[in-house]
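The primary structure of each chain is shown beneath.
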Amino acid sequence: MKLAGLGVGLTALVAVVAWWGWGPGAIFAAAWFGLLATALQLVAVALLRPVVGAPFGALVRRWGMGMGLRLVGVALFAALVTVNRELFPPLPSALGYLGVVVPLLFLETRLLK
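Residues numbered from 1 in each chain as written. Predicted model: local features only at pLDDT ≥ 70, side-chain atom pairs only at ≥ 80, totals over all residues. Heavy atoms only, no water.

Our focus in this paragraph is helix H3 (residues 56-83). In this model, H3 (28 residues) spans 40 Å end to end at C-alpha, consistent with the 40 Å of a helix rising 1.5 Å per residue. Along H3, the residues that are buried comprise Gly66, Arg70, Gly73 and Val81. (Helix = DSSP H or I, 4+ residues; strand = E, 2+ residues; numbered from the N terminus. Expected span 1.5 Å × (residues − 1). Buried < 20%, exposed > 50% of the residue type's maximum accessible area, 1.4 Å probe, protein only.)

Below is the structure:
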């Protein structure tokens, strides 16, 4: 639950920064990608948590699955920005995804303890 709250808080922060930098039209894109990053991070941590302390091979396999999920987020970013630039402008969308997923990645090791 701590991770979800932190992700939502970071999403709110990047949405405000997007509004400040690009206007009200950027809030949706930043918030949507921030929530996507939070959801993907929650699933990645849920995959990794059961194998913390397990043999190295199992840990690496689950870690790789989590990184694959985050890569799906990058692919979804590219697809949505390409398909609809009015709804998903590139910079606010990137800020939303990266501004949430990167801090959560750094905090992942603390949250798994």
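A contiguous nonpolar surface patch, about 480 Å² in accessible area, is contributed by Val16, Trp19, Trp20 and Ile27. A per-element tally of the nonpolar patch places helix H1 (residues 2-22) first, with three residues. Mapped onto the elements, Ile27 comes out in helix H2 (residues 27-48). Residue classification places Ile27 among the partly exposed residues on the basis of a relative accessible area of 33%. (Patch = residues over 30% accessible without salt bridge, like charges linked within 9 Å, V, L, I, M, F, W, Y side chains within 5 Å. Areas by Shrake-Rupley, 256 points an atom, 1.4 Å probe, with all protein chains shown as cover. Salt bridge = Lys/Arg side-chain N within 4 Å of Asp/Glu carboxyl O.)

Moving on: the environment of Thr109. Within the fold, Thr109 resides in helix H4 (residues 90-111). Judged by relative accessible area, Thr109 falls into the exposed class, the value being 54%. Distance in space between the C-alpha atoms of Thr109 and Val45 is 9.6 Å, their sequence separation being 64 residues.

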